[in-house]
Amino acid sequence: MPRIEVSENLYRQIESEASEDDFNDTLWKMVGSYRRTNNPESDQT
């Protein structure tokens, strides 16, 4: 699994969003959302 390094502020934001979900699942959802927003071609086959 790739390693993702984030700032302390972003880590706290992820932690607050992951209150009911698994931390890693929340992190990957945020990464996927960012990727689709900033590079939509990456998800096309």
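Calculation criteria
Residues numbered from 1 in each chain as written. Predicted model: local features only at pLDDT ≥ 70, side-chain atom pairs only at ≥ 80, totals over all residues. Heavy atoms only, no water. Helix = DSSP H or I, 4+ residues; strand = E, 2+ residues; numbered from the N terminus. Expected span 1.5 Å × (residues − 1). Buried < 20%, exposed > 50% of the residue type's maximum accessible area, 1.4 Å probe, protein only. Contact = heavy atoms within 4.5 Å. Salt bridge = Lys/Arg side-chain N within 4 Å of Asp/Glu carboxyl O.

Undergrad: Which parts of the structure should I look at to understand helix H2 (residues 23-38)?
TA: In an α-helix, one turn spans 3.6 residues, which is why side chains three or four residues apart end up on the same side. Counted at 1.5 Å a residue, the expected span for H2 with its 16 residues is 22 Å, and the 23 Å between its end C-alpha atoms agrees. Residues of H2 that are buried include every one of Thr-26, Leu-27 and Gly-32, and no others. Where the residues of H2 are buried, they touch helix H1 (8-17).

Undergrad: Would you mind showing me how to read the pattern of salt bridges here?
TA: Pairs can form between side chains of opposite charge once their charged atoms are near each other. Under the criterion given, the structure shown has two salt bridges. In this structure, Glu-5 engages Arg-3 in a salt bridge whose closest nitrogen and oxygen atoms are separated by 3.4 Å. On the basis of relative accessible area, Glu-5 is assigned to the exposed category, the value being 66%. Owing to a relative accessible area of 73%, Arg-3 belongs among the exposed residues under this scheme. Among the ionic pairs, Glu-8 bridges to Arg-12, the shortest N-O distance being 3.3 Å. Taken together, the residues span about one helical turn, with Glu-8 and Arg-12 both in helix H1 at a distance of four residues. Taking relative accessible area as the criterion, Arg-12 reaches 51% and is therefore assigned exposed.

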